[in-house]
Amino acid sequence: MVDFWNELFLFVSQNATPHLGALAFRAPSTRIHTGPVNPAEPPAAEPSRKIKRKVCMLGTFAVGKTSLIRRYVRGVFDEKYLTTMGAKVDKKNVRVADVGVDLLLWDLNGEDRFQALSMEYARGAAGYLLVIDRTRPATLEAAHALQQKVLHAVGPLPFIVLVNKSDLPGHWDRQPGDLDALRAGGWVFVETSARTGTGVDEAFMSLASRLID
Amino acid sequence: MSAVLSRLLSDLSIAVLESTGGRSFALVSDIPAWLDALWPTARSHGEALEPGETFLFLDDFIDRAIAHWEAGREEPLVSGLWTETRADGAEILLEATARCIEGRPLLLIHIPPEQQTRGIFQQAREQRLAYEHLLDEINKREILLHCIVHDLSNPLAGIRGSLKLMEQESMVSPDGDELLRISLSQTEKMQRSIRGILEAFSVDARPLMPSIVAADVAPDILLCAHQVAASMAATAALRGVAIQVEAATSAGDTWRVAGEAERLERVFFNLVANALRYATEGETITLRLIAEDAYIHASVEDQGPGVSDAMASALFTRFARGDDRPGQAGLGLYFCRITVEQWGGQIGYRPAAGGGACFWFRVPRPAQGLTLNVKR
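As the structure is a prediction and not an experimental result, all values here were calculated from the model.

Colleague: For this particular structure, what's the right way to read the overall build of chain A?
Modeller: Along its length, chain A carries five helices and nine strands. Overall, chain A shows an N-to-C arrangement of helices and strands of β-α-β-β-α-β-β-β-α-β-β-α-β-α. Element-wise, carbon and sulfur atoms account for 54% of the exposed surface of chain A, whose accessible area totals about 9700 Å².

Colleague: What is the right way to look at the overall build of chain B in this model?
Modeller: Looking only at helices and strands, chain B features ten helices and ten strands. The proportion of buried residues among the 376 residues of chain B is 41%. Intrachain contacts of chain B at a sequence separation of at least 6 include 60% that bridge at least 24 residues. When the accessible surface of chain B is split by element, carbon and sulfur atoms take 54% of a total near 20200 Å².

Colleague: How should the sheet that holds strand β8 (residues 295-301) of chain B be read in this particular structure?
Modeller: All names here are of chain B. Strand order in the open sheet made by the five strands is β6-β7-β8-β10-β9, with mixed pairing throughout. Strands at the two margins of the open sheet, each flanked by one partner only, are β6 (242-248) and β9 (346-351). Shown here is a sheet whose adjacent strand axes are inclined to one another by a mean of 15 degrees, direction ignored. Two strands pair when backbone bridges link them, and β8 and strand β10 (residues 357-364) are joined in this way by seven bridges, in the antiparallel orientation. Of the residues in β10, the one forming a bridge with Ile 296 is Val 363.

Colleague: Honestly, the interface of chain B and chain A in this entry has me stumped. Any pointers?
Modeller: Interfaces are often described in size by the accessible area the parts lose on coming together. The interface of chain B with chain A comprises 22 residues on the first partner and 26 residues on the second. Each partner contributes to the roughly 2200 Å² buried at the junction of chain B and chain A, and carbon and sulfur atoms together form 57% of this total. Sorting the residues of chain B by area buried against chain A places Leu 56, Gln 122 and Arg 125 of chain B first, and these three jointly supply 30% of that buried surface. Seen at the junction of chain B and chain A, the total is six salt bridges. The salt bridge partner of Asp 59 of chain B is Lys 52 of chain A, with a shortest N-O separation of 3.4 Å. Those elements that place two or more of their residues in the side of chain B that touches chain A are α4 (56-70), β3 (77-85), β4 (91-101) and α5 (114-168) of chain B.

Colleague: What exactly am I supposed to notice about helix α8 (residues 261-278) of chain B here?
Modeller: What sets the pattern is the α-helix's 3.6 residues per turn: residues three or four places apart point alike. Over its 18 residues, α8 of chain B runs 26 Å from end to end, which matches the ideal 26 Å to within 8%, given 1.5 Å per residue. Where α8 of chain B is concerned, the buried positions are Arg 263, Leu 264, Arg 266, Val 267, Phe 268, Asn 270, Leu 271, Val 272, Ala 273, Asn 274, Ala 275 and Leu 276 of chain B.

Colleague: How should I be thinking about the nonpolar core in this particular structure?
Modeller: Across soluble globular proteins, you tend to see nonpolar side chains buried next to one another. The biggest cluster of nonpolar side chains holds 57 residues, and the ones touching the most others in it are Leu 58, Trp 106, Leu 130 and Trp 187 of chain A together with Leu 58 and Trp 82 of chain B. Ranked by the residues each element gives to this core, the list is headed by α4 of chain B, at seven residues. Once residues within four sequence positions are removed from consideration, Leu 58 of chain A is found in contact with Lys 65, Leu 108, Leu 117, Tyr 128, Leu 129, Leu 130, Val 131, Leu 146 and Val 150 of chain A. Ranked by size, the runner-up nonpolar core spans 42 residues in total, among them Ala 298, Val 300, Ile 347 and Phe 361 of chain B.

Colleague: Looking at this structure, how should I read the side chain of Arg 125 of chain B?
Modeller: By the element assignment, Arg 125 of chain B lies in helix α5. A relative accessible area of 0% means that Arg 125 of chain B is categorised as buried. Other than its neighbours up to four places away in sequence, Arg 125 of chain B contacts Phe 61, Tyr 81, Thr 83, Thr 84, Gly 110, Asp 112, Phe 114 and Gln 115 of chain A.

Colleague: It is not clear to me how the packing of aromatic side chains should be interpreted in this structure. Could you clarify?
Modeller: Geometry of an aromatic ring pair is reported as the spacing of the ring centres plus the angle between the planes. All names here are of chain A. Following the criterion strictly, the structure yields 13 aromatic pairs over all chains and no others. On the basis of an interplanar angle of 5 degrees and a centroid distance of 4.1 Å, the ring pair of Tyr 72 and Phe 204 is categorised as stacked. Here Phe 204 lies in helix α5 (residues 200-210) and Tyr 72 lies in helix α2 (residues 65-74), a separation of 132 residues in the sequence. Just as Tyr 72 is buried, Phe 204 falls in that class too. Directly above the aromatic system of Tyr 72 lies the positively charged group of Lys 92, at a separation of 4.7 Å from the ring centroid. Above the face of the Phe 61 ring, Arg 136 is positioned so that its terminal group lies 5.0 Å from the ring centre.

Colleague: Which parts of the structure should I look at to understand unusual backbone geometry?
Modeller: Most peptide bonds take the trans configuration, and most residues that are not glycine carry a negative phi. The backbone of Ala 62 of chain A sits at a positive phi, close to 60 degrees, despite the residue not being glycine. One can find Ala 62 of chain A in the loop between β3 (49-58) and α2. One non-glycine residue, Glu 102 of chain B, lies in the positive phi region at around 50 degrees. Here Glu 102 of chain B falls in the exposed class, since its relative accessible area comes to 79%.

Colleague: Just to check I follow, could you spell out the pairing of strand β5 (residues 99-108) of chain A for this structure?
Modeller: Put simply, side chains in a regular strand alternate between the two faces of the sheet. Residue and element names in this part refer to chain A. Most of β5 is tucked away, with nine of its ten residues classed as buried. Judged from the nine bridges that link them, β3 and β5 form a sheet pairing that is parallel. Opposite Val 55, over in β5, you have Leu 105 as the bridge partner. Relative to β5, strand β4 (residues 87-96) runs antiparallel, the two sharing ten bridges. Residue pairing in the sheet places Lys 88 in a bridge with Asp 107 of β5. Where β4 folds back onto β5 in an antiparallel hairpin, the turn is made up of two residues, including Ala 97, whose phi is positive at roughly 55 degrees.

Colleague: So what exactly am I meant to see when it comes to the environment of Trp 69 of chain B here?
Modeller: Residues and elements named next belong to chain B. Along the chain, Trp 69 turns up in helix α4. Sequence spacing of Trp 69 and Arg 99 is 30 residues, and the spatial spacing of their C-alpha atoms is 7.5 Å. Contacts of Trp 69, omitting those with residues within four sequence positions, involve Ser 19, Phe 25, Ala 98, Arg 99, Cys 100, Pro 105, Leu 106 and Leu 107.

Colleague: Mind showing me how you'd approach the confidence of the model for chain B here?
Modeller: Residues shown with low pLDDT carry predicted positions that ought not to be read at fine detail. Residue and element names in this part refer to chain B. Across chain B, the average pLDDT comes to 83, with 85% of residues at or above 70. By mean pLDDT, the top-scoring element of chain B is β8 (95), and the lowest-scoring one is helix α9 (residues 309-312) (77). This model gives residues 204-211 a pLDDT under 50, and the stretch forms 16 contacts once residues within four places in sequence are excluded. The model gives residues 369-376 a pLDDT under 50, and that stretch makes 14 contacts with residues more than four places away or in other chains. ipTM for the predicted complex: 0.77, alongside a pTM of 0.60.

Scoring rules and cut-offs
Residues numbered from 1 in each chain as written. Chains lettered and ligands numbered in written order. Predicted model: local features only at pLDDT ≥ 70, side-chain atom pairs only at ≥ 80, totals over all residues. Heavy atoms only, no water. Helix = DSSP H or I, 4+ residues; strand = E, 2+ residues; numbered from the N terminus. Areas by Shrake-Rupley, 256 points an atom, 1.4 Å probe, with all protein chains shown as cover. Buried < 20%, exposed > 50% of the residue type's maximum accessible area, 1.4 Å probe, protein only. Contact = heavy atoms within 4.5 Å. Pairing = 2+ DSSP bridges. Axes fitted to C-alpha atoms, helices over the stretch in contact; angles between N-to-C directions. Buried area = accessible area lost by both parts, 1.4 Å probe. Salt bridge = Lys/Arg side-chain N within 4 Å of Asp/Glu carboxyl O. Expected span 1.5 Å × (residues − 1). Core = buried A, V, L, I, M, F, W, Y, C linked by side-chain atoms within 4.5 Å. Phe/Tyr/Trp six-rings, centres within 6.5 Å; stacked < 30°, edge-to-face > 60°. Lys NZ or Arg CZ within 6 Å of the ring centre and 35° of its normal. pLDDT = per-residue confidence, 0-100.

Structure below.
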């Protein structure tokens, strides 16, 4: 048995450069503007073009999809868990190199025994973020099932797996084979915490950079 | 649309919009309260409402709706549920339906029935999270227990081996013999306790599915009862207690049961050991077997003080033990219950007919002619 997370994050750190597979994460080589503009710097030039991209947040219930979007769009976090029904759509304008991107963030209900997830919501998506909860091993299996569902319904799309709640202690024991199979499918993991904000901007922007034609 | 109908739709929390070309709409019904709260400027837009700008979810759906209307389809196109947040932070669940009626492309937005049931979803998921958390905690504790037990087990085996060697090689003086005997006896007791804990927890960790055991390899419960009685006879005799086996046998009876011989012996062993603890000189412990149609009923009866009502209800739970039984882990009867239930049987207690305690269990006979999933 190996410590899943040690291996996972070792894997992530080793794959900060272009990775195998059509769906793999590639560290953006283009300049990404995310934060407030430094007044000392000259104002950024107008983007050469503007595009709109639909991004879905997928994962089983209570992994933190809504909290990640709230953190990313509004910079806030609420400890209270409020289950999402259907979809909740938010928008964030970002800039990737000289392209202005309107990210339409679709927060979708978590699929479980109480509620199925309609793939109609995923239609027209340019990519998606698959969220798992590092303290709940079963969320990885649920994410895998969802990824297969999306693949079947809308075809291959760029995606990144967010390993959320990184601020909480958690420990999974996994057989090395589990990870190998996911790697072979092009899965890339990014550690995030909606509570502290760790990795959140980076994860969204990493995906955004992959959605530029 | 008539004023009455318009008012009625509003009362039903349905907003009706009609496409005026492209992505623009005109409101053709009264404005329901929820729409006023979410989109206060809607009534001032006349025929240039752009719901896709206010409700981002609709921006996507309107594309599909336009295609639907242009295709001349008459069946409704439903958006699926979505959530909007009011200025005060309250969330409202909505659903849209695109319809083309008499050539008029209509978009209906309403509060779906799920708005009323979302509290149930919330509660169900919170309970599910609490349940997962509880399982996780139990799992952690059991792993910890296993680690502790294993850490004790290995040094104990070493101590016991050394003591045995000292005994075999006569390495202690005659004065020390008694101390050596006590040490050996105590280490043996500790090993038994560790085995009991491990068995109880390992059985508990398995799903409680009845085992399917082939008839030709199923253990003979009568033989098992005799073996346990024989193995404990000497210990019982030291206390002046007798152990007997009674079986109501008729011609053609078979005593095979769906279980595992080793565990079955342990069930009998635990029950007899339990009876022996309370037995006094001159008493008899009886292992009784009765063949039923699909089960074998077994009981261990003693002539001791019996079990108090207060204790009887908790006899088969983990760590249950009598107040007058110091040193017992309280896992013996728990192990019996888990084991018997795993085989699809039952276990229980009742006062014995002539006073004393009667612990009984019934286990199913093995399946006949099974060829799949059979343990051999």
